[in-house]
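Listed here are the chains, written in short residue letters.
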Amino acid sequence: EKLVSLIGEALYGAQIQAARSALSDLELPYAAISAALTEARDTPDDRTAAIVLFALLDDLSIQLIKRNLDPNVKGGVSRLFDGYGFLSTANARMTMAAALRWIDPRTFTELDLLRRIRNEFAHNVGVKSLANDPVAGWLSSMQPTEQRFRPGVDAGLLLKPDLQVRPLETYT
C-alpha cells in the first residue's frame, strides 16, 4: 500500500511538472490584462466594466486558440477569425473550446452568460446596471468561481489541449 502511494505521488508530481513546463512558455499580455482590469475597476458604470472585461476574456481566448493552431494553414490563421471565419464570434470560439474539452460544461455555460451580459449592455440602451433585468438574473444564476475549484487547484491554470493533469487520488 505504501509503494502504491509513493508511485501515485510520483505520477502526480510528473503530471504537475508537465503542466508547469507547458505553462512556462505561455506568454500572457500582462500589461493589457492589467490595463483592462484597471479600466473596469475605475469606470463609473457597469456597462463599460462588463464590455471591457468580456473583451479581455475574448482577446485571451483568441490568443490561446491561435497558439494551438498551425500557422501555416492555407490562407493563414487570421482568416479563421476575420469577417465570416468560423471562429469570428465569441460564441464560436467558446463552443470550439468546449468541443475540444479545453473548458468544462459549467465554464462554458458561465462564459455564455457573460457573453449574453456583454451583448445586453452593448445592444440595449435601457440596461445600464448589473442590477437591471435580465442581467441581474443571469448573474444570480452563476456560481462563484472560488467555490468551483477544490483546495490546492490553481484556478488560473491554462493547459495545452493534449495535456491533462489528473487529481492525485486517481494514482493512489
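Higher on the page you've got the structure.
In this text, all values refer to a predicted model and were calculated from it rather than measured experimentally. (Residues numbered from 1 in each chain as written. Predicted model: local features only at pLDDT ≥ 70, side-chain atom pairs only at ≥ 80, totals over all residues. Heavy atoms only, no water.)

1. Focus on the pattern of salt bridges
Pairing of side chains with opposite charge becomes possible as their charged atoms draw close. Threshold: A carboxyl oxygen of Asp or Glu within 4 Å of a side-chain nitrogen of Lys or Arg is what we treat as a salt bridge. Counting from the N terminus, the helices are the DSSP runs of H or I reaching at least four residues and the strands are the DSSP runs of E reaching at least two. Each residue gets one of three labels from its accessible area relative to the maximum for its type: buried under 20%, exposed over 50%, partly exposed in between, using a 1.4 Å probe on protein chains only.
Per the counting criterion, the structure on display carries 4 salt bridges. Between Glu110 and Arg106 there is a salt bridge; the shortest N-O distance is 2.6 Å. A residue pair is termed a helical-turn pair when its members lie 3 or 4 positions apart in one helix, as Glu110 and Arg106 do in helix α6 (residues 105–123) at 4 residues. Looking at Glu110, the relative accessible area reads 5%, which means it is buried.

2. Some points on the packing of aromatic side chains
Rule in force here: Geometry of aromatic contacts follows a simple scheme: Phe, Tyr and Trp rings, the Trp one being its six-membered ring, pair when their centres are within 6.5 Å, and the pair is stacked under 30 degrees between planes, edge-to-face over 60, tilted otherwise. A positively charged side chain is recorded as over a ring if its NZ (Lys) or CZ (Arg) lies within 6 Å of the ring centre. The angle to the ring normal must also be within 35 degrees.
Tallied over the entire structure, the rule returns 0 aromatic pairs. Between the NZ or CZ atom of Lys66 and the centre of the ring of Phe81, over which it lies, the distance is 5.1 Å.

3. Things to note about the environment of Arg79
The test is simple: Contacts were defined at the residue level, with two residues in contact if any of their heavy atoms lie within 4.5 Å. Polar contact is the term for a pair of N or O atoms within 3.5 Å; when the atoms are in protein, one must be able to donate a hydrogen and the other to accept it, and sequence-neighboring residues count only if both atoms are side-chain atoms.
For Arg79, the location among the structural elements is in helix α4 (residues 78–81). Beyond its immediate sequence surroundings of up to four residues, Arg79 is in contact with Lys74 and Gly85. Within polar-contact distance, the side chain of Arg79 engages the backbone oxygen of Lys74 at 3.2 Å.

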